[in-house]
Amino acid sequence: VNGAEAVAQGAPDSGPTGFSAKPLAVQAVPAHVAIIMDGNGRWAAGRGLPRVEGHRRGVEAVRRAVRSAIDLGVRYLTIYSFSSENWRRPAAEVADLMGLLNVRVRIIGERAGLSADIAGLLDEAEERTRSNTGLTLVVAFNYGGRQEILRAVRRLASAVAEGRLAPEAIDFDALSGALDTTGIPDPDLVIRTSGEQRLSNFLTWQTAYAEYVIVPEFWPDFDDDAFRAALDEYHRRDRRFGGLSGKAG
Ligand code: IPE
Ligand code: IPE
Ligand code: MG
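Residues numbered from 1 in each chain as written. Chains lettered and ligands numbered in written order. Predicted model: local features only at pLDDT ≥ 70, side-chain atom pairs only at ≥ 80, totals over all residues. Heavy atoms only, no water.

So what's going on with helix α3 (residues 51-72)? Which residues, and what values?
Helical geometry note: an α-helix holds 3.6 residues per turn, so side chains three or four residues apart project in the same direction. Look at α3: 31 Å from first C-alpha to last across 22 residues, which is about the 32 Å you get at 1.5 Å a residue. With its phi angle positive at about 85 degrees, Gly 73 sits one or two positions after the end of α3. (Helix = DSSP H or I, 4+ residues; strand = E, 2+ residues; numbered from the N terminus. Expected span 1.5 Å × (residues − 1).)

Give a detailed account of the environment of Arg 51, specifying residues and quantitative values.
With respect to the helices and strands, the residue Arg 51 is situated in helix α3. Residue Arg 51 is classed as partly exposed on the basis of its relative accessible area of 37%. Expressed as a C-alpha distance, the spacing of Arg 51 and Asn 40, which sit eleven residues apart in the sequence, is 6.9 Å. With residues near it in sequence (within four places) discarded, Arg 51 still touches Gly 41, Ala 44, Arg 89 and Glu 93. (Buried < 20%, exposed > 50% of the residue type's maximum accessible area, 1.4 Å probe, protein only. Contact = heavy atoms within 4.5 Å.)

Tell me about the packing of aromatic side chains, residues and numbers included.
For any pair of aromatic rings, the description consists of the separation of the ring centres together with the inter-plane angle of the planes. Under the criterion given, the structure shown has eight aromatic pairs. Ring geometry for Trp 219 versus Phe 222: centroids 5.2 Å apart, planes at 20 degrees, classification stacked. Given the relative accessible area of 0%, Trp 219 is considered buried. What makes Phe 222 buried here is its relative accessible area of 1%. Three or more aromatic residues link up through ring pairs in this structure, and these residues are Tyr 80, Tyr 143 and Phe 202. (Phe/Tyr/Trp six-rings, centres within 6.5 Å; stacked < 30°, edge-to-face > 60°.)

Which residues make up the pairing of strand β6 (residues 211-214), and what values go with them?
The side-chain alternation of β6 yields one buried face, formed by Glu 211 and Val 213, and one unburied face, formed by Tyr 212 and Ile 214. Sheet topology places strand β5 (residues 189-192) next to β6; four bridges connect them, and they run parallel. Within the sheet, the bridge partner assigned to Arg 192 lies in β6 and is Ile 214. (Pairing = 2+ DSSP bridges.)

How would you summarise the pairing of strand β1 (residues 32-36) if you had to cite specific residues and measurements?
With five of five residues buried, β1 lies mostly within the body of the structure. Because side chains alternate across β1, one face comprises the buried residues His 32, Ala 34 and Ile 36, and the other comprises Val 33 and Ile 35, equally buried. Pairing geometry for β1 and strand β2 (residues 76-83), over five bridges, is parallel. If you follow Val 33 over to β2, its bridge partner there is Leu 77. As paired elements, β1 and β5 share four bridges and run parallel to each other. Paired with Ala 34 across the two strands is Val 190, which belongs to β5.

Okay, here's the thing in structure tokens:
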């Protein structure tokens, strides 16, 4: 089975109405929530503050979101912390963001070409938390979905060129396994703050059948209530994966 089928088969039934007053804990909590944390700059601008202040408050919102995810029983939380395209921003803002980076556990994105101190920080963060068993926090850093797919395709192409892999063996699992996210289930739910209705090159392959919840709040204002509301919205959705409704009779 592929990731989407695995999720479809593994998800507990949320009942004929699809939404009930049951506490979240006994409903099908999404195993993997991925967040596009957007709006730090606008949050600061609205208060006449420098953008870096928005990023600082954004780090607090990340801590809150991690706690909420643990409370709610989410197993994987991915946060989009810095995109490949974010290098287009002024050097000072990039430096501010690097300084605030508080990463743990699993980092996806391009490592090659990063400065030695940042690459070292990322390695150390993964190494130090390797034996932790709770929530896996996946930090997408210097990450672009298309870039990730290209790296994976090159890896597979090399294996074919070296005679280690047959072209026919390149299936969904083979490509998934060559991505940075190997071993991590596809996101069930993608949350984007600040109202923008786009993916911005986030988890391009992995989100093929994710549910999207777009909320108006700027990221620094995203709190536990907002997290729970997004999960409530997710529970009202009917995930069909191209098949027929599991909810309508
Ligand atoms: C998200 O907030 C943080 C990063 C992209 C690194 P932004 O910095 O994009 O804030 P806005 O979208 O300009 O308000
Ligand atoms: C997406 O936000 C990237 C991150 C949240 C790290 P952006 O603010 O960079 O996205 P666009 O430019 O609005 O698409
Ligand atoms: Mg933005």
